Every structure is written in structure tokens, then in C-alpha cells.
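Architecture at a glance
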Amino acid sequence: MGGLGSGNWYRWDKKTTAEEVHRVDIRYLKKQGYLVSGYSGWLRWSCGGEETGSIKFQVESDCLVLIYRSRVAGGEWVDIRETVWFDRTPCNYGGERLWLSCPDCGKRVAVLYGHGPRFLCRHCHGLPYGSQNETRLDRMHRKARKIRKRLGASDDQIVWEKPKGMHWKTFDRLMEQEAAVDSTMDLEIVKKMGVFERLGWL
């Protein structure tokens, strides 16, 4: 399989999305057992095996304190100590659920996003979700990656044989779907390049 779009990610006028920035997720903190008053530790983020950022945090009875350095306008580094207050809501069967209050607007959220010098909610940063920022071509790429994952192949691999344990009927169906998606992506890319318009076909 392969064509104009195979193995590449084409985006025009790309806007930063919520999935592309560093995040502080209270669900992760709870799962790791960090939400104990007096606990302190580090949150670290990585991409491709390389660390892309880290911040220190301290847990208190009513808040989470984020301690880190950030580059501000002018390129200077500043020390930041941000207090994020907890909010609590009762659960249906007893107990309570813990939330984070956005340091800017006070909105009750599960995740704060590090876009710029502060960790704020998605709305304060104006960050869309990736799915909200997708073009038709983006959706096709996502669909193609999903199909190729089921076929046991990466974005730039050609599928030569059926994965072990997969029925032939399923394999043939996925191969047909991948071919159809590839053709659609090629057509979308050609449209964006303006080839059809110049030839007078559209």
C-alpha cells in the first residue's frame, strides 16, 4: 500500500491542541497514590524516549502546589510557584471525587495544561481537542493508522502478509479499507495542492 500520503502527516495552518502540551491530570496523580497530604515529587514528560519537561509538586490537604521554571516574554527564565486549589464533589455511593480548580477562572477540571508560563484549564488557554481541529484529511490519516495498527504495520510499512491469528476474511476486508482510505487521502492532497483546479478538472 502507499501513495502520496503514505507514511506522512500533512497539516496546513496547524493549531496547538490539548493533546500536544504538558498536562497535570488529577486522575493520574490519584492512580499513582500521590494525593496524600505532605507528599512531594516530580512530574516528567517525554517524547520519543527523551524528556521534554518536568515540574516539582507538593500535595497539601486543600491544594496542589506546582513549582517550576518557565521562559517568559523576552526569553528570561522565572521561578513559578502556582497553587491549585482542590474542589470536591460527592459520589453517588459515598465518598467524594477530587477535582482541580483552574488558577485563572476557577473552573472545576480534571486536567490543567501547560501552554505558556502557567498551567490552566483548556478553555483559558484556548486549546481545542485534536478531533476538533481535524480536517477531512486528518480524519483519513487517523483512520488509516487505526487500520494499519490492526494489520500489525507502522505508517510506512507495506503489508505483505496476514498477521498471525487473523482470519483471511478480516484481513481482506482491512486491506480493502486501507486501499480505499489511501485513495481518498491521495485525492485530498492533490486537491490541496491545487492540481485539479489548474487543470480545470474541478
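Everything below is about the structure printed above this text.
Residues numbered from 1 in each chain as written. Predicted model: local features only at pLDDT ≥ 70, side-chain atom pairs only at ≥ 80, totals over all residues. Heavy atoms only, no water.

What follows covers the packing of aromatic side chains. This model, assessed by the stated rule, comprises seven aromatic pairs. On the basis of an interplanar angle of 85° and a centroid distance of 5.6 Å, the ring pair of Trp168 and Phe171 is categorised as edge-to-face. On the criterion of helical spacing, the pair formed by Trp168 and Phe171 is a turn pair, its members being three residues apart in helix α4 (residues 168-192). The ring of Trp168 carries Lys162 above its face, with NZ or CZ at 5.3 Å from the centroid. (Phe/Tyr/Trp six-rings, centres within 6.5 Å; stacked < 30°, edge-to-face > 60°. Helix = DSSP H or I, 4+ residues; strand = E, 2+ residues; numbered from the N terminus. Lys NZ or Arg CZ within 6 Å of the ring centre and 35° of its normal.)

A separate point is the side chain of Glu82. Tracing the backbone through its elements, the reader meets Glu82 in strand β5 (residues 77-90). A distance of 3.0 Å separates polar atoms of two side chains, one belonging to Glu82 and the other to Arg118. Leave out the neighbours within four places in its chain, and Glu82 touches Leu64, Val65, Leu66, Tyr68, Pro103 and Arg118. (Polar contact = N/O pair within 3.5 Å; in protein donor to acceptor, adjacent residues only side chain to side chain. Contact = heavy atoms within 4.5 Å.)

Strand pairing in a sheet relies on backbone hydrogen bonds, with the paired strands running either antiparallel or parallel. What the six strands build is an open sheet, ordered β2-β3-β4-β5-β6-β7; its pairing is antiparallel. At either margin of the open sheet sits one strand with a lone partner, and together these are β2 (40-47) and β7 (108-109). With five bridges joining them, β5 and strand β6 (residues 96-101) adopt antiparallel strand pairing. Paired with Phe86 across the bridge in β6 is Leu100. (Pairing = 2+ DSSP bridges.)

It is worth stressing that arrangement in space is one thing and function is another; only the former is reported here.
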